Every structure is written in C-alpha cells, then in structure tokens.
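Below are the chains, spelled out letter by letter.
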Amino acid sequence: MCGIAGFWHQGQGPADLGGDLRRMTDAIRHRGPDDAGQWCDTGAGVALGHRRLSILDLTPEGRQPMTSADGRYVIVYNGEVYNHAELRQAQGAGGVRYRGHSDTEVMLAAIQRQGLSAAVRSFVGMFAFALYDRAERTLHLARDRFGEKPLYWGWLGGTLVFGSELKALRRHPRWEGRIDRGALTLLLRYNYIPAPHAIYQGIRKVLPGTILSFRADAPGADGSSEAYWSAPAAAAQGLAAPLVGDETEVLAELEGALRRTVAQEMVADVPLGAFLSGGIDSSLIVALMQAQSARPVRTFTIGFHEQAYNEAEHAKAVAAHLGTDHTELYVTPAETLAVVPRLPTLYDEPFSDSSQVPTFLVSELARRHVTVSLSGDGGDELFGGYDRYAFAEHLWRRLRIAPRLARRAASRAVLAVPPDRWDRLLGALPIRPRGYRLSGDRLHKLARLFSVETPDQLYRRLLTHWHEPARMVVGGEEPPSLVGDPSAWPDLGDFTLRMMCVDQLTYLPDDILVKVDRASMGVSLESRAPFLDHRVAELAWRIPLAWKIRQGKGKWILRRLLARYVPETLFERPKMGFGVPIDSWLRGPLREWAGDLLHGSRLRSEGFLDPTAIEWTWEEHQRGDCNWQYLLWDVLMFQAWLEHERDGRRSAAA
C-alpha cells in the first residue's frame, strides 16, 4: 500500500521537475512512510512519484518508481495484486527473470508481455497506478474494479496532474483550486461526492474498472477511456448462469471461493490482523482467517459506552469462540470528539458519512499492532445486507396501491409528532417489531417516502439527505451523476437487484471505500477487503436473490456459512450501523463548534450556502422537533473542510 503522485508538462515546463514532484509526494507521506522515490524525464516533461508502505518485498528491489526489464514502461503503483505468485510462476515458465519478489515487478512483466489491457484483466486485487509508455509517449492511469484505491487527475493549464489524494495535487505550483459548486450540491444530497466529480473544478476521479490514456500528441484532452471490467456486465452474466444445486452445494462453492481469497489476502511480510465488529461480514472473514492460521489472528474492535452504538460485546464473544488474539478499546466521548477536528485533513475532500469517526478510531487501534488489516467491506452490496433492500421492496408493494391523497395525509400526521415523542410512545408499546429497531427518527424518514411514484424514486429518496440541494448552494446546479440518473441504471429485471448493482457502482466506491481508505491510510495501515475480489463478486451474482434475502433478512447465505464456524446466537441480531451519536453531540458538546460554522453571517460572507434553510434546520434540531443530524453533518463537514482549506492557503502564502 502506498501513495502515488505525478504530472506531465505538455509544453514549456519548469526545469526542476524533481522539486515540484517531491512537494507533491511529501504531502501524502502518511500513505507511505517507509520510503520515497521519483522518476523524471525532463525532455518529455514527465514526473512520477511514489511513497512506500512496505508490505511485500521489503528490500530495495521492491522500490518504486519501477522500470520494466526492457526499459519501455515506468510505473508508480498503490495497492496489492494478490495473485502475483501465480502470475510470477506462469511468467517464469515463459522465460521471465526477476530481480526481486514484489508484485510491482510481476505487473510490469505482464504488461510488457501481454499489453496493458490484457494484463490488467489478469490482475486480482486493489490498485491505482500510473504507467508511462516511453515508446508511445502515453501516460495511462488505471484503477481497480471496485475502486478500493483512489486516483484523482486533472489539467492545470498545459499540465496533467494526478495523485492518490488531493493533498498531492494542491502542492503543484500551477494549482488554483476553485471550488465546484455542482459537486457541493452532490455532497448535500448523498453525503459524498460521486465519481467522476471532485470538489474542485477541473479535477476528476478515475472511475473504477477503467484505464485512462493520455497521449503527447493530444495535449489538454480528456484522454481515451477503456472500461476493462463492468459490475453491470458481471451482474447480467451471473444472473444468466445461476448456480444450481442444494444448500450444501452452494455453500461449498461460496466457502471455497472465500477461503481461497482470504488465504491470498493474508499474505504479507509484515504483521497482519482484522477488524471485527461482531457482525456477519467481519465475523465470517475472521472465521475464515482463523481456520487457515496456525496461530491466533489479531482482531480489533472499538467500543462505546453508549449502548445504542456499541458492538464491542458482540465482537468479544465472537473472538472468544474463534480463539483470536483480540484487542478492544473503549473510547470516551471526549476521545471520540477529538477526532472531529482531524476529519478535513484525513478526508481531503468534504465527506460526511459520520461512521468516518469510528472507522478512524479502529484503524488507529489496529495500527498500533499490525500493518495490514482485513475487513468485511462489500458484503452488504453483494449479498443484500442493507435494510433498504428488503424494506424498499416491501414498502413499494404497499405504496403503489394506496391513494396519493391518503399517503400525503398519513405523512403529515406522522411528521406532526416530534421524533422524541414518538420514541416515548413506541417505548410504551407492549409489542415491538422484531428484527427492526423502530424509532421516531425512522418513522419521520418513512413518512417522507410516502409521496414517491416509482420504485426508482423510492430508492433515490432513501439515499437523499437534502432533497433540493441546488437551492441550498448559491449559484449551484446539480450536475449529472449515475446515482441521480435512473435511466442509466442497469436493467436487471428486479428492483432489489437494481439497487444492489447501483450501490456497487456508486455508494460502495464513493462512500464506503473512501471512508475506509482515508481512515486507514491516515495512520499508514493497509486495509484489505476479501469480498471485493472480483471472482467472489462474480460468483455472488450467480447466487439467486432468494438465497441472499429471505423473510426480510439480508445475507441469508452468509449467515448459513458463518453458522458453520460461530453459533447463531452470537450473530443473529438486528443490524447496527457503525456510527456515533451525532444528534446528541450537536445539542451538547459540539453545539458551540457547529453553531459557529453554521452562523448566518458566516455563511453569507463565504457565499457558498444559503443560510436561511440551514439556520431553520439547526434551530429545529436544537429544539428536538426533528433529528436533522445527517443534513447538518453534511453542511458541517463542508464548512470544516472549507475552513481547513483556507487555513492551508494562508499557511502556504506565508
């Protein structure tokens, strides 16, 4: 795991490429604290930089930038190719000789022998890389299939810049950094900025599963784009060839695939462990790790004293049953709150998924003991784990037959009662819903769904925070995005399958994986996600939906598999979000901080956000009339980022 950065001056450029490049790579030192390297071709104007977190081949032979044996290609690469040993063996049989033991060298040999497109299709893993072809004078930027590793790019005048994080791009001397108001509207709607958009004008993200190629004879162009893997295509192919057999046969195939993937991802030349929340996904990954390890696997959990947010007790029970070497850390509200001022630095771009806080805390805990940690990310999207999948299907069947006027009246009636009063009423009920924790906040969210007219509208409404974000942003218009355009969504013949696939294309890479990458790399920890091996994903699409969601409960097939390792009593419970009590924090310890960032005079002077609706929302939240924690957190994360960004500019100018 590493950080990459670089640029290509197409035209007159500075003489000191190395100095500019060094400043860019220094900005992402946290991604690679063990070593640094650079390669510059002054005549071509190309500069490739690397920061190294040593995981495989700790010797100098694994250093980057690395040049191919024939001298044609130069690469800087962030990630891991887990099948490099198999590729190495196959290439060795064909006469390739190696200097070291790194996966980078194997990648270059594959590209040299097969060409870039065929080689990338053979890679199993997570990666983002820049490859310069000296013969063709072409720069290629590539990203893994699910977007586990980030890669930004853009033109600064006649200079193409790229990097793992925006921090690196901001260090280039031609950086301007004008804020994209359209991207801000997307943040307010979804709590993240969907690719290819970025918070700065002219800066974009390479899409997952894509190779972008830029040629010397086409300066300033957007480059040619090749999609070498497609989640919708994988879904369609899997659905067209479903697995046949009984439960035992399907479980055996899934277990075999996951065991092989977990075994590959446990290979490292440094200490390795796993995040363990006690939920289905992380428990299954840890179970498969422990089943293939001769010694106890290191596992890590963060605990909270607020019981509504605490899963540490469940994780501890799973760890005890599996026999892992378990470490848990209960954090106080003060310790948790102390992370909030660090978020703009960690995430580098406004990002407001509040589970970013515990994700950083568990990463920080794990890094004290290991350098690599496996996680259960991807299980929800591939195996139907989110509540919204079963819930949306169930709700739409009822909404479609209810008269619109009746739905609107019901919505007004529910919203007329504040969430805290609903909580008291629901708490007094003698019978409570099983498997789903009903609350006043959730009732209000449900009531706001009653006006939808299509299932696609229902799904998008479930994802939406601010419903008219363009009205919130001064001079802003909401730009096109895949998640906002149902006409571009894959048609898989089923509403739930459609939601799952769109989540894999949008929410997974742009929210979940951003959260994990920045939190873990912020403490120089490599995080690996076995569920996101594309072979596992392709197998998952062959498993019929009825094996994933059954009786309103998601991940049914994963539950059956986990039950082979862990008693069901240890994991069968309502799904918990990995969150923190933002709602009460904003009325308590964060009130002064938030009130300052949301003050109307400040918003007006900055000129990005309309203060009227924000002040009204803030006041309603303070009175307890509604729980607007997520909407307010979206605005606060932009405001905190904006303050940090301006402080950075002032420091650079001083």
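From a predicted model like this one, the values you see are computed outputs, not experimental measurements.

Peer 1: Got a sec to walk through the environment of glycine 493? Specific residues and values, please.
Peer 2: With respect to the element layout, glycine 493 can be found in the loop between helix 20 (469–472) and helix 21 (495–505). Here glycine 493 falls in the exposed class, since its relative accessible area comes to 72%. Sequence spacing of glycine 493 and glycine 648 is 155 residues, and the spatial spacing of their C-alpha atoms is 49 Å.

Peer 1: Outline the packing of helix 17 (residues 419–427) against helix 18 (residues 440–447), listing residues and values.
Peer 2: Put simply, helix 17 and helix 18 touch, their axes get as near as 7 Å, and they point 115 degrees apart. Comparing their axes, helix 18 and helix 17 come out roughly perpendicular. Of the residues in helix 18, those in contact with Pro419, Trp422, Asp423 and Leu426 of helix 17 are Gly440, Asp441, Leu443 and His444. When its residues are assigned to classes, the contact of helix 17 with helix 18 shows 4 nonpolar, 2 polar and 2 charged.

Peer 1: Account for the nonpolar core, with residues named and values stated.
Peer 2: In terms of nonpolar packing, the biggest core is built from 182 residues, with Phe123, Phe129 and Leu609 touching the most fellow members. In terms of residue count, the dominant contributor to this core is helix 29 (residues 629–653) (10 residues). Sequence-distant contacts of leucine 609, defined by excluding residues within four places in its chain, comprise Leu184, Leu188, Met472, Val473, Val474, Leu603, Ile614, Val635, Phe638 and Gln639. With 21 residues, the next largest nonpolar core counts Trp39, Val46, Leu139 and Trp155 among its residues.

Peer 1: Residues and numbers for the packing of aromatic side chains, please.
Peer 2: Inspection of the entire model under this criterion finds 20 aromatic pairs. Ring geometry for tryptophan 8 versus tyrosine 132: centroids 5.7 Å apart, planes at 75 degrees, classification edge-to-face. Of this pair, tryptophan 8 sits in strand 1 (residues 2–9) while tyrosine 132 is found in strand 6 (residues 125–133), placing the two residues 124 residues apart along the sequence. Under the relative-accessibility criterion, tryptophan 8 is labelled buried at 2%.

Peer 1: Now, about the sheet that holds strand 7 (residues 138–143): what can you tell me, with residues and values included?
Peer 2: Think of a sheet as strands paired side by side through backbone hydrogen bonds, with each pair either parallel or antiparallel. Pairing is antiparallel in the open sheet, where 6 strands are placed in the order 4-5-6-7-11-12. Where the open sheet ends on each side, the last strands, each with one partner, are strand 4 (66–67) and strand 12 (224–227). Relative to strand 7, strand 6 runs antiparallel, the two being bridged by 6 bridges. Within strand 7, the residue paired with leucine 131 across the bridge is histidine 140. On top of the sheet, helix 3 (residues 103–114) reaches strand 4, strand 5 (73–81) and strand 6; it is set at about 125 degrees to strand 5, its chief contact.

Peer 1: Tell me what's going on with the pattern of salt bridges, and back it up with residues and numbers.
Peer 2: Counted under the stated rule, the structure contains 39 salt bridges. The shortest N-O distance in the salt bridge between arginine 23 and aspartate 20 comes to 2.5 Å. Here arginine 23 pairs with aspartate 20, and both are found in helix 1 (residues 17–26), just 3 residues apart, close to one helical turn. The exposure class of arginine 23 is partly exposed, given its relative accessible area of 41%.

Peer 1: I'd like a rundown of the sheet that holds strand 14 (residues 298–304), residues and numbers included.
Peer 2: One open sheet accounts for 5 strands, arranged 15-14-13-16-17; its pairing is parallel. Of all the strands in the sheet, the pair left with one neighbour each is strand 15 (325–331) and strand 17 (526–528). Sheet twist, expressed as the average angle between the axes of neighbouring strands with direction ignored, equals 30 degrees. Examined bridge by bridge, strand 14 and strand 15 share 7 bridges and lie parallel to one another. Looking at strand 15, one finds that isoleucine 302 is bridged to leucine 329. Those strands touched by helix 9 (residues 280–291) are strand 13 (272–275), strand 14 and strand 16 (372–374), and its axis lies near 155 degrees from that of strand 13.

Peer 1: Any chance you could break down the pairing of strand 9 (residues 159–163) for me, citing the residues and the numbers?
Peer 2: When you tally the buried positions in strand 9, you get 5 out of 5 residues, the bulk of the element. Of the two faces of strand 9, the one carrying Thr159, Val161 and Gly163 and the one carrying Leu160 and Phe162 are both buried. Direction of pairing for strand 1 relative to strand 9: antiparallel, over a ladder of 5 bridges. When the sheet's bridge partners are listed, histidine 9 is paired in strand 9 with threonine 159. Sheet topology note: the strand 8 (residues 152–156)/strand 9 ladder contains 5 bridges and is antiparallel.

Peer 1: Residues and numbers for unusual backbone geometry, please.
Peer 2: In this structure, proline 65 follows glutamine 64 across a cis peptide bond, with omega equal to -5 degrees. Mapped onto the fold, proline 65 is located in the loop between strand 3 (46–52) and strand 4. Residue alanine 195 is joined to proline 196 through a cis peptide bond whose omega torsion reads 10 degrees. Position of proline 196 relative to the elements: it lies in the loop between helix 6 (181–190) and strand 10 (203–205). Positive phi values are uncommon outside glycine, yet arginine 137 reaches one of about 50 degrees. Note on placement: arginine 137 falls in the loop between strand 6 and strand 7. The exposure class of arginine 137 is partly exposed, given its relative accessible area of 44%.

Peer 1: Please provide a residue-by-residue account of the environment of arginine 181, values included.
Peer 2: Within the fold, arginine 181 resides in helix 6. Taking C-alpha positions, arginine 181 is 11 Å from isoleucine 193, a pair spaced 12 residues apart along the chain. Setting aside residues no more than four positions away along its own chain, arginine 181 makes contact with Val473, Val474, Gly475, Gly476, Gly607 and Phe608. Within polar-contact distance, the side chain of arginine 181 engages the backbone oxygen of valine 474 at 2.8 Å. Engagement of the side chain of arginine 181 in a polar contact is seen with the backbone oxygen of glycine 607, the distance being 2.8 Å.

Peer 1: Describe the pairing of strand 3, listing the residues and the values that go with them.
Peer 2: Burial analysis of strand 3 places 7 of its 7 residues in the buried class, which makes it a mostly covered element. Both faces of strand 3 are covered, namely the face carrying Val46, Leu48, His50 and Arg52 and the face carrying Ala47, Gly49 and Arg51. The sheet contact formed by strand 1 and strand 3 spans 7 bridges and is antiparallel. Pairing of isoleucine 4 across the sheet is with histidine 50, part of strand 3. When strand 2 (residues 35–41) meets strand 3, the two strands line up antiparallel, connected through 7 bridges. Directly across from aspartate 35, in strand 3, lies its bridge partner arginine 52. Counting the residues in the hairpin turn of strand 2 and strand 3 gives 4 residues, including glycine 45, whose phi is positive at 80 degrees.

Peer 1: Run through helix 1, naming residues and quoting values.
Peer 2: The element helix 1 is largely enclosed, with a buried count of 7 among its 10 residues. If you check which residues of helix 1 are buried, you get Leu17, Gly18, Gly19, Asp20, Leu21, Met24 and Thr25. Close packing links the buried residues of helix 1 with strand 1, strand 2, strand 3, strand 9 and helix 5 (166–170).

Peer 1: Lay out the packing of helix 21 against helix 22 (residues 507–521) in plain terms, naming residues and giving numbers.
Peer 2: For the pair helix 21 and helix 22, interaxial distance at closest approach is 4 Å and the crossing angle is 55 degrees. For the element pair helix 21 / helix 22, the angle class is oblique. Contacts from Val502, Asp503, Gln504 and Leu505 of helix 21 reach helix 22 at Tyr507, Leu508 and Pro509. Residues of the contact of helix 21 with helix 22, tallied by class, amount to 5 nonpolar, 1 polar and 1 charged.

Parameters and conventions
Residues numbered from 1 in each chain as written. Predicted model: local features only at pLDDT ≥ 70, side-chain atom pairs only at ≥ 80, totals over all residues. Heavy atoms only, no water. Helix = DSSP H or I, 4+ residues; strand = E, 2+ residues; numbered from the N terminus. Buried < 20%, exposed > 50% of the residue type's maximum accessible area, 1.4 Å probe, protein only. Axes fitted to C-alpha atoms, helices over the stretch in contact; angles between N-to-C directions. Parallel < 35°, antiparallel > 145°, perpendicular 65-115°, else oblique. Contact = heavy atoms within 4.5 Å. Nonpolar A, V, L, I, M, F, W, Y, C, P; charged D, E, K, R; others polar. Core = buried A, V, L, I, M, F, W, Y, C linked by side-chain atoms within 4.5 Å. Phe/Tyr/Trp six-rings, centres within 6.5 Å; stacked < 30°, edge-to-face > 60°. Pairing = 2+ DSSP bridges. Salt bridge = Lys/Arg side-chain N within 4 Å of Asp/Glu carboxyl O. Polar contact = N/O pair within 3.5 Å; in protein donor to acceptor, adjacent residues only side chain to side chain.

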